[in-house]
Amino acid sequence: MDILERIRQRAAANPQHIILPEGNDPRTVVAAAQCSRKRIARITMLGDEEVIRENARAQSVDLGGVAVIDHRHASDFEKMAAFFYELRKAKGLMADEARTMVSDPLYYGNLMVRLGSADGSVAGATNTTSHTVRAALHCIGVRAGFKLVSSFFLMALPNASFGHDGALIFADCGVVIEPSASELAEIAIASADSCRALLGTEPRVAMLSFSTKGSAQHKLVDKVIEATRTVKARTTELQIDGELQADAALVPSIAESKAPGSPVGGRANVLIFPDLQSGNIAYKLTERLAGATAIGPILQGLDKPANDLSRGCKAEDIVDAVAITAVQAQAEKSRKAT
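Being a predicted model, the structure only gives us computed values, none of them experimental.

A. Representation of helix α9 (residues 219-234) in the model. Helix length check: α9 (16 residues) gives 23 Å between terminal C-alpha atoms against 22 Å at 1.5 Å per residue, within 8%. Residues of α9 that are buried make contact with α8 (181-199), β7 (204-208) and β8 (239-244).

Structure follows, in structure tokens:
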């Protein structure tokens, strides 16, 4: 069973309520029907109901069990607009601007998530990443104790000897371009939580660099060392080590010679890259040269889950994103309950 199938099964075991704000998109209609039929999540679509129903008929899909809301005419629209104005007025937002922004289904949908009417949202099939992330940030906000939203890729490799049965977390490969040491520490902590949520195992976090344990001296290495110290101070129970080169993080025999005694050397399942350039290059190389499947980017650091899609996505990709968002929502509820 591959990692995505395990995630789908976990989502179906405890279905969450997920918003699909881009209901007018035909791929989203197909995905909503599949999610409902497979009981992956309880789905609400936002958009023009007539357009949505026509798209469903055109593609011969059954929207039974899927809620459809034309948010612009919803009974709580004015309440949502007033709430958003109160939320953002300190940032200079005017009441008429708030109303215009809540007319955007991404904003309305994420306000539903913030207010507890839904557990998560998935968008980006017809909207840019910047707009999708901005709507989530403005409406849901960052998790308590955090200052930024980052992202990760779930990498599924054919070689099961790496990571957790061939699955690893790569971060950040899509959002934070040049993190400071403190931001890198936040990315590591969030990625560790993402590992627990999606891989169902304890994270072993490697803070990557071109140096292993002082083999090179440079300010870029110092940033990784400082980030590692910060994580250890904030989360004493987490298995983390750095700075480590990638081979020392993944290959036991190399870890023994380069980083003897490392708690994660040769066994890492979470790889934290020092910047977006290295992370983005690494995931694409792993995908193309190692035959890995790259799932993401998946957002982390929000107070409640919201995820972004590629505008070139297929309906099946939306279904997978819904399943991932649902499992994130399950984990977030468990974390807040403890």
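B. Focus on the sheet that holds strand β1 (residues 17-20). The strand order across the open sheet formed by 5 strands is β3-β2-β1-β4-β11, and the pairing between neighbours is parallel. Edge positions in the open sheet fall to β3 (67-69) and β11 (306-308), since each of these has one partner strand only. Here the strands of the sheet are splayed against their neighbours by 20° on average, with no regard to which way each runs. Two strands pair when backbone bridges link them, and β1 and strand β2 (residues 42-46) are joined in this way by 4 bridges, in the parallel orientation. When the bridges of β2 are listed, His 17 appears paired with Arg 42. The strands touched by helix α2 (residues 26-37) are β1 and β2; relative to β2, the strand with the most contacts, the crossing angle is about 160°.

C. Seen up close, the sheet that holds strand β10 (residues 293-300). The strand order β8-β7-β9-β6-β5-β10 describes an open sheet built from 6 strands, whose pairing is mixed. Each edge of the open sheet carries a strand with a single partner, namely β8 and β10. When the angles between neighbouring strand axes are averaged without regard to direction, this sheet yields 20°. Note that strand β5 (residues 150-156) and β10 share 6 bridges and pair antiparallel. Among the inter-strand pairings, Leu 154 is bridged to a residue of β10, identified as Ile 295.

D. Structural view of the environment of His 218. Position of His 218 relative to the elements: it lies in the loop between β7 and α9. Overall, His 218 belongs to the partly exposed group, its relative accessible area being 36%. Polar contacts involving the side chain of His 218 include one to the main-chain amide nitrogen of Leu 220, which spans 3.0 Å.

E. Representation of the pairing of β7 in the model. By the criterion of burial, β7 is predominantly enclosed, with 5 of the 5 residues buried. A two-sided burial pattern is seen for β7, the buried positions comprising Arg 204, Ala 206 and Leu 208 on one face and Val 205 and Met 207 on the other. The pairing of β7 with β8 spans 5 bridges and is classified as parallel. Looking at the pairing, Val 205 lines up with Ile 240 of β8. Handedness of the β7-α9-β8 crossover: right-handed.

F. Structural view of unusual backbone geometry. In this structure, the amide linkage connecting Ala 171 to the following residue, Asp 172, adopts the cis form with an omega of -15°. If you trace the backbone, Asp 172 turns up in the loop between β6 (167-171) and α8. Going from Gly 242 to Glu 243, the amide bond is cis rather than trans, its omega being 5°. Examined against the element boundaries, Glu 243 turns out to sit in strand β8.

G. Here's a closer look at the side chain of Asn 110. Relative to the elements of secondary structure, Asn 110 occurs in helix α6 (residues 105-114). A relative accessible area of 4% places Asn 110 in the buried class. In contact with Asn 110, not counting residues within four places along its chain, are Ser 121, Ala 135, Ala 136, Cys 139, Ile 140 and Ala 306.

H. Highlighting the packing of α2 against helix α13 (residues 315-337). Interhelical geometry of α2 versus α13 gives an angle of 50° and a closest axis separation of 8 Å. When the interaxial angle is binned, α2 and α13 end up oblique. When you trace α2 past α13, the crossing you get is right-handed. Where α2 abuts α13, its residues Arg 27, Thr 28, Val 30, Ala 31, Gln 34 and Cys 35 lie against Ala 315, Glu 316, Ile 318, Val 319 and Val 322.

Definitions and limits used
- Residues numbered from 1 in each chain as written.
- Predicted model: local features only at pLDDT ≥ 70, side-chain atom pairs only at ≥ 80, totals over all residues.
- Heavy atoms only, no water.
- Helix = DSSP H or I, 4+ residues; strand = E, 2+ residues; numbered from the N terminus.
- Expected span 1.5 Å × (residues − 1).
- Contact = heavy atoms within 4.5 Å.
- Pairing = 2+ DSSP bridges.
- Axes fitted to C-alpha atoms, helices over the stretch in contact; angles between N-to-C directions.
- Buried < 20%, exposed > 50% of the residue type's maximum accessible area, 1.4 Å probe, protein only.
- Polar contact = N/O pair within 3.5 Å; in protein donor to acceptor, adjacent residues only side chain to side chain.
- Right-handed = clockwise from strand over helix to strand, strands pointing away.
- Parallel < 35°, antiparallel > 145°, perpendicular 65-115°, else oblique.
- Left-handed = near helix turned anticlockwise from the far one by under 90°.

Bear in mind that shape data such as this cannot, by itself, settle questions of function.
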